[in-house]
Each structure stands twice: as C-alpha cells, then as structure tokens.
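Next come the chains, spelled out residue by residue.
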Amino acid sequence: MELLSAKNAAIKWGISQRRVVVLCSEGRIPNAQIVGNSWVIPQDATRPNDARKKIEKKEGPRPFLKWAGGKSRIAKEVVKEFPDFNKYYEPFLGSGAVYFEVAPQNGVLNDLNTNLITVYKHIKDQPEIIIQEMDIIQKEYNKLETDEEKEKLYYSLRDEYNKKEKSIRKSALLVFLNKAGWNGMYRENSKGNFNIPFGKRKQLSIYDKDNILKVSKNIQGMNFMSGNYADAVKDAKAGDLIYFDPPYFETFSDYQKQGFTDKNQEELHDLAIELSKKGCYVAISNSNCSKTRNLYKDFKRIIEIPITQTIGSKASSRKVITEVLILNY
Ligand SMILES: C[S@@+](CC[C@H](N)C(=O)[O-])C[C@H]1O[C@@H](n2cnc3c(N)ncnc32)[C@H](O)[C@@H]1O
C-alpha cells in the first residue's frame, strides 16, 4: 500500500497538517497508522467530511474579550430559554456573551471588576479613541522580532496597567493583556494586581474595529455598574429578566482577590428567591454538581446544557461536560 505523510495529505486535501493528525487520531481515516511518531495515510484515502460544527459568523456585536467562564459556546442555548421581558439585567457580565446574544436596547450590566466595566464605558463613549490606543499597543508588540523582546514588553505593560489610574490607556492595556496573557484569563492576586503570565503569542490581533464600533452602538442604551451583584438588581421589577452567571461552584473563582465562596452562592440563591417573589424572571448558570442541585431544588426548572471542554491542544483531550441553567419560570 502506497502511503502519504500527514504533511503531504494536508497539502493534497488543502487542510492543515494539525487537522489531518486530529482526523487520524479520531479514527476517521481508514487504515491510517502511526509509524515511528508520525501518522501515515493510504495514498488513495479520501478526505473525510468536516463533521465539526460550523461556527456561525455573527453579524451583530460579539464579545471583544476572552473570559474565564465565558458563555460564547452556549449563549444560544441559554438565550433560547429566555421569556419575553421588560428590562434586562446581567450582574456578572464578564465578556458579556449572553448579553450580546440577547442584544437588548436597555438594561443594567454589572461586574465587580471595575476596570472591566470602565473598558465598556470607554467603548460606549469614546470608541474611536480606545481603538487608536489599542492600535498603538498592538503595533508596538507586533513589530518586535524576538520572543524575549515581546515578553519584556508584556511585563512592562502589565506593570503599567497595575500602577495606572483609570484612563483610556488603562482600558486599552486591559484588552491587550487579555489577548497577550496566558489563556485569556483575568485573575488578581491578594494585592488586587492583575497577575496572569505572558501567553507567548507571536503576532496579536487584539481588536476588531468593526466589532468594537458595533459594540459601542449596541451598548448605548445600557447602564453600566461596577459593584456587588446584589446592588445591580435593586431596581428590578416584575417582568424584568435577570441572568446571573456567577463564578461556579467547585471551579475557578479567583476573578477578584476576594473570590466567591459557598456562602456567596447561598446569598445569591436567597436574592434569586426575593426577585422571584417580586415577579422577575430569573435565570442562573452554575456547574452541574450536587451543591448546585441542592441549593436550587426549590426552583421550577434545572436544565442541563452540554459544553465541550478542551484541555490542552489535542482533540483526544476534549470532553463534553454539562452545566446547568436554573430557571424560576
Ligand atoms: C463566570 S464569569 C461571567 C462570564 C460571562 N457570562 C461571560 O460570558 O464572559 C463571572 C464574573 O463575575 C464577576 N464577579 C465575581 N464576583 C462578583 C460579585 N460579587 N459581584 C459581581 N460580579 C462578580 C467576575 O469578575 C466575572 O467577570
């Protein structure tokens, strides 16, 4: 049997070599085998159909940040459970994946991370100026030739960010650090300083101008707050929808130095009960674990939503887990 290397199969089929390796390891190319430490493929093998879910390019605004616990992959699933409502509240905004999917005209968006909320406010009020500032930082990074120079710049901009008072520059730096830091995480140490290490990215595209302008247009009617989630929903009334996406039980919760404890989870539950009594629609995301199910056992519905988790870069390390959406209606 004539054999092809993964590299030559990639050229023949017009796909990446990495994709060929994934197809081999998923067993989707008959008689592909490992020789030494590389895959080889029968010369007459045909390219398998692409079974990956096509990610629809959304025309509307979309999140401009990567965020731990971000809901981009399941925003549609979440939103399809939402009823018609009067006013929209999202007190744990992060990158706002669910907000952007709903795209309401008015409402309240909140996050305890005041620097994050300031970025939204700058995009709302001065989109062109923050775009200019992000562009300056991006060019400064991309023009550097060596990894060492890029790493040095990353840490000096991280220091600048941590020392700086609120400003357009600080907001642009947050976007840069989010894209250039390890895994798009936002985490603070006990002093409240952003402490994510360098992500070793060669070239960066930290913003999409069209998207930032669309975001700016879309958030004009939104009221931004930065405080504890409970303060953000004080004015919610019957018929309003509140979507809570807190740090989850038993996963990463160090977005801020104070974290999010089991006691905080109980307080959130009690607030959700109060809002239910007022006649608000309440939807809450959390991990699918016994703590969540016990805490919310008095709620009308607990829906499971599957989500594919990728650990590392190998297709074989992808696994589907479920999280839950708790609804009071
Ligand atoms: C799971 S993330 C939200 C992710 C978001 N739905 C998205 O799609 O990116 C939780 C967010 O809650 C914020 N947060 C943590 N504690 C909070 C609190 N007590 N009040 C308000 N926001 C809080 C964090 O800063 C973080 O952005």
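Quick caveat: nothing in here was measured; it's all calculated off a predicted structure. (Residues numbered from 1 in each chain as written. Predicted model: local features only at pLDDT ≥ 70, side-chain atom pairs only at ≥ 80, totals over all residues.)

## Quick notes on the site of the ligand
Taken together, the neighbourhood of the ligand is formed by 21 residues, with Gly69, Phe92, Gly94, Ser95 and Ala97 sitting nearest. Residues that form the shell around the ligand fall into these classes: 11 nonpolar, 7 polar and 3 charged. (Near = placed C-beta within 6 Å. Nonpolar A, V, L, I, M, F, W, Y, C, P; charged D, E, K, R; others polar.)

## Describing the domain arrangement of the protein chain
Here the protein chain is partitioned into domain 1 (3-42), domain 2 (61-112 + 227-329) and domain 3 (113-219). Using C-alpha coordinates to define each centre, domain 2 is positioned 25 Å away from domain 3. Each partner contributes to the interface: domain 2 provides 15 residues, whereas domain 3 provides 20 residues. (Domains from an automatic or database assignment. Contact = placed C-beta atoms within 7 Å.)

## With respect to the nonpolar core
Core analysis: the largest hydrophobic core is formed by 60 residues, its most contacted members being Tyr89, Met134, Val175, Phe176, Ile242, Phe244 and Val282. Looking at which domains feed residues into this core, each of domain 2 (61-112 + 227-329) and domain 3 (113-219) supplies at least three. Valine 175 has contacts with Leu65, Val119, Met134, Ile206 and Tyr207, leaving out every residue within four places of it along the chain. Ranked by size, the runner-up nonpolar core spans 10 residues in total, among them Leu4, Leu23, Ala32 and Trp39. (Core = buried A, V, L, I, M, F, W, Y, C linked by C-beta atoms within 7 Å. Buried ≥ 20, exposed ≤ 12 C-beta atoms within 10 Å, placed from the backbone.)

## Focus: the pairing of strand 8 (residues 281-287)
Burial runs high along strand 8: 6 of the 7 residues are buried. Bridge count between strand 7 (residues 241-244) and strand 8: 4 bridges; the pairing is parallel. Looking at the pairing, phenylalanine 244 lines up with isoleucine 284 of strand 8. (Helix = DSSP H or I, 4+ residues; strand = E, 2+ residues; numbered from the N terminus. Pairing = 2+ DSSP bridges.)

## Things to note about the pairing of strand 5 (residues 107-110)
Here strand 5 shows no split at all, with Gly107 and Leu109 on one side and Val108 and Asn110 on the other all buried. Alignment of strand 4 (residues 88-90) against strand 5, held across 3 bridges, turns out to be parallel. Directly across from tyrosine 88, in strand 5, lies its bridge partner glycine 107. Relative to strand 6 (residues 222-225), strand 5 runs parallel, the two sharing 4 bridges. If you follow glycine 107 over to strand 6, its bridge partner there is methionine 222.

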